[in-house]
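Observations on the three-dimensional arrangement
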There are 2 protein chains.
Amino acid sequence: MSATKLAIVGVGKIVRDQHLPAIAANPDFDLVATASRHGTVEGVPSYGTIEALLESVPDVQAVSLCMPPQYRYTAAYAALNAGKHVFLEKPPGATLSEVQDLSRLADAKGVSLFASWHSRYAPAVEAAKSFLSSTKINSVHVIWKEDVRHWHPNQEWIWQAGGLGVFDPGINALSIITHILPRALFITKATLEFPENRDAPIAADIRFSDVTKMPVHAEFDWRQTGKQSWDIVAETEAGQMVLSEGGAKLSINGEQAMAAPEREYPALYERFAEIIKSGTSDVDLAPLMHVADAFLLGRHKFVDSFFD
Amino acid sequence: MSATKLAIVGVGKIVRDQHLPAIAANPDFDLVATASRHGTVEGVPSYGTIEALLESVPDVQAVSLCMPPQYRYTAAYAALNAGKHVFLEKPPGATLSEVQDLSRLADAKGVSLFASWHSRYAPAVEAAKSFLSSTKINSVHVIWKEDVRHWHPNQEWIWQAGGLGVFDPGINALSIITHILPRALFITKATLEFPENRDAPIAADIRFSDVTKMPVHAEFDWRQTGKQSWDIVAETEAGQMVLSEGGAKLSINGEQAMAAPEREYPALYERFAEIIKSGTSDVDLAPLMHVADAFLLGRHKFVDSFFD
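One numbering rule holds for all chains: residues counted from 1, following each sequence as written. By the order in which they are written, chains take letters starting at A while ligands take numbers starting at 1. Only residues with pLDDT of at least 70 get local features here, since the model is predicted, and only at 80 or more are side-chain atom pairs given and counted; chain-wide, interface and lining totals rely on the full set of residues. Excluding hydrogens and water, the side-chain figures rest on all heavy atoms present in the structure.

**Structural notes on the overall build of chain A**
Each helix is a run of H or I in the DSSP string that is no shorter than four residues. Each strand is a run of E no shorter than two, and both are numbered from the N terminus. Each helix and strand counted, chain A has 9 helices and 15 strands in total. It is over C-alpha atoms that the radius of gyration is taken, and the globule rule equals 2.2 Å times the number of residues to the power 0.38. Taking 19 Å as the expected radius of gyration for a compact globule of 308 residues, we find that chain A reaches 20 Å, a close match to that expectation. If one aligns the C-alpha atoms of chain A with their principal axes, the spans along those axes are about 55 × 45 × 35 Å. Put simply, of all contacts in chain A between residues at least 6 apart along the chain, 71% involve residues at least 24 apart. When checking whether two residues touch, look at their non-hydrogen atoms; a contact exists if any pair is within 4.5 Å.

**Focus on the nonpolar core**
Each nonpolar core is a collection of buried residues, namely Ala, Val, Leu, Ile, Met, Phe, Trp, Tyr and Cys, held together in the definition by side-chain atoms within 4.5 Å. The buried label applies to any residue whose accessible area, calculated with a 1.4 Å probe on protein chains only, is under 20% of its type's maximum; exposed applies above 50%, and partly exposed to all values in between. By size, the foremost hydrophobic cluster in this structure holds 117 residues, and its most contacted members are F167 and F220 of chain A together with F167 and F220 of chain B. With sequence-adjacent residues up to four places away left out, F220 of chain A is seen in contact with V142, W144, V166, F167, G170, A173, L174, A203, A204 and I206 of chain A.

**Points about the sheet that holds strand β6 (residues 113-115) of chain B**
All names here are of chain B. The 6 strands are arranged β3-β2-β1-β4-β5-β6 in an open sheet whose pairing can be described as parallel. On the outer flanks of this sheet lie β3 (46-47) and β6, each paired with one strand and no other. Where strand β1 (residues 4-9) lies against strand β2 (residues 29-35), 6 bridges are found, and the strand directions are parallel. By the bridge assignment, K5 is partnered in β2 with D30. Contacts from helix α3 (residues 72-81) reach β4 (62-65), β5 (85-88) and β6, with the element oriented near 160° to β5. Strand pairing follows a simple DSSP-based rule, namely that at least 2 bridges must link the two strands. Angular values range over 0 to 180 degrees, each being the angle between N-to-C directions of two axes fitted as lines to C-alpha atoms, with helices fitted over their stretch in contact.

**A look at the interface of chain B and chain A**
Tallying the contact residues gives 34 residues for chain B and 34 residues for chain A. Put simply, buried area is how much 1.4 Å-probe accessible surface two parts lose in total, over both of them, once they are put together. Summed over both sides, the interface of chain B with chain A buries roughly 3100 Å², with 69% coming from carbon and sulfur. Looking only at chain B, the three residues that lose the most surface to chain A are F186, M289 and L296 of chain B, adding up to 20% of its buried area. Note that R299 of chain B is salt-bridged to D199 of chain A, the shortest N-O span being 3.2 Å. Salt bridges, as used here, are contacts in which a Lys or Arg side-chain nitrogen is within 4 Å of a carboxyl oxygen on Asp or Glu.

**A word on the side chain of Q228 of chain B**
Residues and elements named next belong to chain B. Turning to its location among the elements, Q228 is positioned in the loop between β10 (216-221) and β11 (229-236). By the criterion applied in these results, polar contacts are pairs of N or O atoms within 3.5 Å in which, for protein atoms, one can donate a hydrogen and the other can accept it, and in which residues neighboring in sequence qualify only through two side-chain atoms. Reaching out from Q228, the side chain makes a polar contact with the backbone oxygen of G226 at a distance of 3.0 Å. The contacts of Q228, once residues within four sequence positions are left out, are K145, E146, D147 and W151.

**A look at the packing of aromatic side chains**
Pairing of aromatic side chains requires ring centres within 6.5 Å, counting the rings of Phe and Tyr and the six-membered ring of Trp. Pairs whose planes differ by under 30 degrees are stacked, by over 60 edge-to-face, and all others tilted. Using the criterion set out here, one finds 33 aromatic pairs over all chains in the structure. Seen in terms of ring centroids, F87 of chain A and F114 of chain A are 5.4 Å apart; in terms of plane orientation they differ by 80°. Their pairing is edge-to-face. Linking F87 of chain A in strand β5 (residues 85-88) with F114 of chain A in strand β6 (residues 113-115), this pair joins segments that are 27 residues apart in sequence. With respect to burial, F87 of chain A and F114 of chain A carry one shared label: buried. Here F167 of chain B and F295 of chain B contribute two aromatic rings whose centre-to-centre distance is 5.4 Å and whose plane-to-plane angle is 45°, an arrangement assigned as tilted. With F167 of chain B in helix α7 (residues 167-180) and F295 of chain B in helix α9 (residues 286-297), this pair connects stretches of sequence that are 128 residues apart. The residues F167 of chain B and F295 of chain B share a single accessibility class, namely buried. Among the aromatic residues, those joined into a ring-pair cluster are F167, F194, F220, F295 and F302 of chain A together with F167, F194, F220, F295 and F302 of chain B.

**Observations concerning the domain arrangement of chain A**
Residue and element names in this part refer to chain A. For each domain, the first and last residues come from an automatic or database assignment. When cut into domains, chain A gives domain 1 (4-115) and domain 2 (119-260 + 292-303). At the junction of the two partners, domain 1 supplies 7 residues and domain 2 supplies 11 residues. Buried surface at the junction of domain 1 and domain 2, both sides included, amounts to about 700 Å², of which 61% is carbon and sulfur. Of all residues in domain 1, Q70, K90 and P91 give up the largest surface area on contact with domain 2, accounting jointly for 55% of the area buried on that side. For the interface between domain 1 and domain 2, the tally reads 1 salt bridge. Residue D168 pairs with K90 through a salt bridge whose shortest N-O separation is 3.9 Å. Where domain 1 touches domain 2, the interface holds 2 residue pairs in polar contact (both at pLDDT 80 or more). Any residue outside Ala, Val, Leu, Ile, Met, Phe, Trp, Tyr, Cys, Pro, Asp, Glu, Lys and Arg is labelled polar, Gly included; the first ten of those are nonpolar and the last four are charged. Across the side of domain 1 that touches domain 2, the residue classes break down as 5 nonpolar, 1 polar and 1 charged.

**Describing the UniProt feature "domain: Gfo/Idh/MocA-like oxidoreductase N-terminal" (unreviewed entry) in chain A**
UniProt positions are given in the numbering used here, feature names are shortened, and annotations may be inferred rather than shown by experiment. Mapped onto the present numbering, the UniProt feature "domain: Gfo/Idh/MocA-like oxidoreductase N-terminal" (unreviewed entry) falls at residues 5-114 of chain A. Annotated as 39% helix and 22% strand, the span residues 5-114 of chain A places its first and last C-alpha atoms 16 Å apart.

**A closer look at the sheet that holds strand β1 (residues 4-9) of chain A**
Residues and elements named next belong to chain A. Spatially, 6 strands are ordered β3-β2-β1-β4-β5-β6 in an open sheet, and the strand pairing comes out parallel. The open sheet has two edge strands with one neighbour each: β3 (46-47) and β6. Both β5 and β6 contribute to a ladder of 3 bridges, which runs parallel. Within β6, the residue paired with V86 across the bridge is L113. Against the sheet, helix α8 (residues 264-278) makes contact with β1, β2 (29-35), β4 (62-65), β5 and β6, and its axis sits at roughly 150° relative to β5, the strand it touches most.

**With respect to the pattern of salt bridges**
Inspection of every chain in the model, using the stated rule, returns 34 salt bridges over all chains. One salt bridge in this structure joins D205 of chain A and R207 of chain A, with 4.0 Å as the shortest N-O distance. Of the residues examined, D205 of chain A reaches a relative accessible area of 28% and is grouped as partly exposed. A residue is classified by how much of its surface remains accessible, and R207 of chain A, at 40% relative accessible area, is partly exposed. D28 of chain B serves as the salt-bridge partner of K277 of chain B, at 3.3 Å between the closest nitrogen and oxygen. Here D28 of chain B lies in the loop between α1 (13-24) and β2 and K277 of chain B lies in helix α8 (residues 264-278), a separation of 249 residues in the sequence. Residue class for D28 of chain B comes out partly exposed when judged on its relative accessible area of 26%. Where salt bridges share partners, they join E193, D221, R223 and K301 of chain A into one cluster.

**Here we look at the relation of the copies chain B and chain A**
Least-squares fitting of one copy onto the other uses the C-alpha atoms of those residues that reach a pLDDT of at least 70 in both copies. For the match of chain B to chain A, the screw axis carries a shift of 0.0 Å, the RMSD comes to 0.0 Å, and the turn is 180°. Considering both components of the superposition, the chain copies are consistent with a two-fold axis. Of the interface residues in chain B, 100% have counterparts in chain A that sit at the interface too, so the contact is made through matching surfaces.

**Examining helix α7 (residues 167-180) of chain A**
Residues three or four positions apart in an α-helix share a direction because the helix packs 3.6 residues into each turn. Residue and element names in this part refer to chain A. In a regular helix each residue adds 1.5 Å, so 14 residues correspond to 20 Å; α7 covers 19 Å between its end C-alpha atoms and thus fits that length. Of all 14 residues that make up α7, 12 are buried, and the element is covered over most of its length. Looking at α7, one finds that the buried residues are F167, D168, P169, G170, I171, N172, A173, L174, S175, I176, I177 and I180. Helix span, as expected, comes to 1.5 Å for every residue beyond the first.

Here it is, written out as structure tokens:
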């Protein structure tokens, strides 16, 4: 099978840092075009819009959409409707309804839609899932605390309504726990803290449960200076499991059980190639659904203004 | 086929006003028990909890859950898990995730789950859907404005986080437009107004679109005194369609096209009997998904405190 002709729409930091190296290293894909308002990739033809790209390069077979989520639906619809396979960066859209509609369209068109959750491909995630399935879990604590000034300097869109705020990193934690925990979770209580001058939360405290009343507590905070935390701690009958560094390291009862080099995006493109070959889609709305549920069910509290 | 033995959990105003008369008039159901913290139904055995009910009346075959949505999941899970068919009052739950989980459980148990949307059964809704499918729609305006002091006096739960606020009536409008409009909608912009002393919105202004960019504007407001409005106005190439009084009346170009007596709850129980007979479920999350999307994507604004 020859390489799939791929285009990227929305050339920004995540594309340069992650997508381009992963695509370059994957023989299943051949990057043939980009569309972006500002960014370009050296040596690859670039267009101003996805419509111009689809018209000018009709033999493109798949499209990775990496613009902010607020602008993703129209582009995804155009690509799917033109019969292209579509890779959606996370989160897959600004609303759940639009992603469901895209999912229906992909099925109707017989093309593959991939709602990607890169953190699910972190090195130690599968080992954590396997450990948790072998024991009884008493409680889970998710601590996702980072310094937004360091990780998202002057990214205005992330603070706009629909930009998700602290749930932009937090949804990575949600994509992991919805994958590794044995039963469906749902939120029972949440508090969201919005800076007075912003339309997206800077912190969130969320209580989940499941049918067995297993308590899951998640703390997301963007005001963390010093040590950054992307940890999931489970107290189990077989001891304490710590999945740390965003899924990169696993320790059980203080002993390192797994640590491997990070290769999330290479794994994502392997998965995309796999679903294209098998003629299926991979769209799990659960992480975004929990975010929407947190906004729906949570108390909304205003806190001090935030300035970059 | 003999009548299905039915129990009701959560005996409040909506049960007395709507469920009891509809059940009494429907030969497919036989009310055999109730569970409620306070309410009872004369001549029907009552229990304090659904667990006590299920234990004491093991031959109950179906359960209608009418308590506030925050308490619905646990009861629904217990009933489905015991092999009972379940009727959920609207909204079907406090979160989307829990309703999805219930839907999976109903399928696994081979019983029927009905996420009911009573406004879809308003008399003129089908006629409106039929008219809209015959023409091109240019725009839609939804005006759902009522006096909360009149309709929900001192209902504390409706103002709590998860209680939905003005979306409690607004979701009725959403259940209608998601049924009568020809294409999937998604929210592009929303503003939610929260009283400073409450955790649920008192008003919302929502802009939807669809793939054809058809504009849909919804205004929900609980501060309406005087004339109450539950209207959906569509400007179409065949003229103006007004679906008014919550779906009870339809007029086209000012001429009355349909008006029939209200019988939403009788129709809901006919539908419940139908899905039980056919061994299917009827769970459409779209209305609740739009509410969650509105909270997710919308600007949250604080307004004057509200006192009953």
